[in-house]
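Structural characterization, general
Residues per chain are reported as follows:
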Amino acid sequence: MRYKVLSLITITATVLTFQNQFAAAHQPVALLPIHKTADQGPILVDGTVSFALRANFTKANQQQGFRASLKAGELLNFEYLIIDKAPENKLPLSKLPTVRITAPDGKKITIKLTERTKFYEPYGRTNYLYLARFSATAIEGIYSFAIRSKAKSGITVSTGSKEIFGEVYQPAICPTVAPSNPIS
């Protein structure tokens with residue numbers, strides 16, 4: 001009985017420690033070359049949960065994307081950041097990737113880079129620069145985020161504000177399979 005109680009306490013402490021790591025920072029999500037469009041990218045199941053998505057580009061005109069689900073009346077929160085070190089902080093704004101958000105009703109919002117505010121993220125011990133922040137009251141549905149490069153670059157975008165563990169759905173990319181012929 002003593003070992004069962006000790007095991008339960010150990011498991012509980014481990015789970016709480018793991019959850020508290022996510023409470024201190026945005027949950028990281030890497031955008032990959034296979035995420036060429038928002039429809040091919042990950043889906044943030046609850047768009048109010050804070051996620052940090054990293055997009056890296058090797059040349060101009062590459063695109064990566066993701067989606068986030070929100071309910072009517074929830075807050076759509078979006079932030080655009082770069083790491084405060086070369087080469088990111090040396091690029092002119094005209095060479096940084098553009099971001100376009102498409103709402104469920106088709107309305108498109110292009111994020112404008114309007115600031116350059118320093119931000120230290122203690123969890124990853126990284127200095128960032130905020131370049132843009134956007135918030136709006138959401139309508140029900142899936143929001144699409146398209147990020148297009150103008151040069152070799154890397155950015156971090158964040159969504160949501162709830163510092164809790166969130167679910168990310170990674171759509172399967174399967175080859176097309178021809179149907180088999182039925183046996184007569």
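Per chain, the residues get numbers from 1 upward, laid out in the order the sequence is written. Confidence filtering applies because this is a predicted model: local features only for residues at pLDDT of at least 70, side-chain atom pairs given and counted only at 80 or more, and all residues used for totals across whole chains, interfaces and linings. Note: side-chain values were computed over all heavy atoms of the structure, leaving out hydrogens and water.

1. Description of the sheet that holds strand E3 (residues 51-57)
When DSSP locates at least two bridges between a pair of strands, those strands are taken to pair. Numbering of helices and strands runs from the N terminus; a helix is a DSSP stretch of H or I covering at least four residues, while a strand is a stretch of E covering at least two. Pairing is mixed in the open sheet, where six strands are placed in the order E1-E3-E11-E5-E9-E8. Of all the strands in the sheet, just strand E1 (27-30) and strand E8 (117-121) have a single pairing partner and so form its edges. Geometrically, the sheet is characterised by an average inter-axis angle of 35° between neighbouring strands, direction not taken into account. Every axis corresponds to a line fitted to the C-alpha atoms, with the helix fit spanning only the stretch in contact, and the corresponding angles, defined between N-to-C directions, vary from 0 to 180 degrees.

2. Looking at unusual backbone geometry
Here the residue pair Ala 86 and Pro 87 is connected by a cis peptide bond, since its omega of 10° sits within 30 degrees of zero. In this structure, Pro 87 sits in the loop between strand E5 (75-83) and strand E6 (98-102). With a phi close to 65°, Asn 61 is a non-glycine residue in the positive phi region. In this structure, Asn 61 sits in the loop between E3 and strand E4 (63-70). Positive phi outside glycine occurs at Arg 125, with the angle close to 50°. Checked against the element boundaries, Arg 125 lands in the loop between E8 and strand E9 (126-137).

3. Focus: the pairing of strand E10 (residues 141-148)
Counting buried positions along E10 yields six of eight residues, so the element is predominantly enclosed. As paired elements, E4 and E10 share eight bridges and run antiparallel to each other. By the bridge assignment, Ser 69 is partnered in E10 with Ile 142. Exposure categories follow from relative accessible area, calculated using a 1.4 Å probe and restricted to protein chains: below 20% of the type maximum is buried, above 50% is exposed, and the middle band is partly exposed.

4. Description of the nonpolar core
Put simply, buried Ala, Val, Leu, Ile, Met, Phe, Trp, Tyr and Cys residues joined by side-chain atoms within 4.5 Å make one nonpolar core. Tyr 80, Ile 101 and Ile 147 are the most contacted members of the largest nonpolar core, which totals 30 residues. Among the secondary structure elements, those contributing two or more residues to this core are E3, E4, E5, E6, E9, E10 and strand E11 (153-159). If we skip the residues at most four places from it in the chain, Ile 101 touches Leu 76, Phe 78, Lys 107, Lys 108, Ile 109, Ile 111, Phe 134, Tyr 143, Ser 144 and Phe 145. Here, residues are in contact when the closest pair of their heavy atoms is within 4.5 Å.

5. A word on the packing of aromatic side chains
In summary, the pairing rule links any two rings of Phe, Tyr or Trp, Trp by its six-membered ring, whose centres are within 6.5 Å, and it sorts them by plane angle into stacked for under 30 degrees, edge-to-face for over 60 and tilted for everything else. Considering all chains together, one arrives at four aromatic pairs under this definition. Summarising the aromatic geometry, the rings of Phe 78 and Phe 145 are spaced 5.8 Å apart at their centres and angled 20° between planes, so their arrangement reads as stacked. Here Phe 78 is found in strand E5, whereas its partner Phe 145 is found in strand E10, with 67 residues between them in sequence. You can call Phe 78 buried: its relative accessible area is 1%. Here Phe 145 falls in the buried class, since its relative accessible area comes to 1%. Taken together, the ring pairs in this structure connect Phe 66, Phe 78 and Phe 145 into an aromatic cluster. The criterion for a charge sitting over a ring is simple: Lys NZ or Arg CZ within 6 Å of the ring centre, and within 35 degrees of the ring normal. Here the guanidinium or amino end of Arg 133 rests over the ring plane of Tyr 130, the centre of that ring lying 3.6 Å away.

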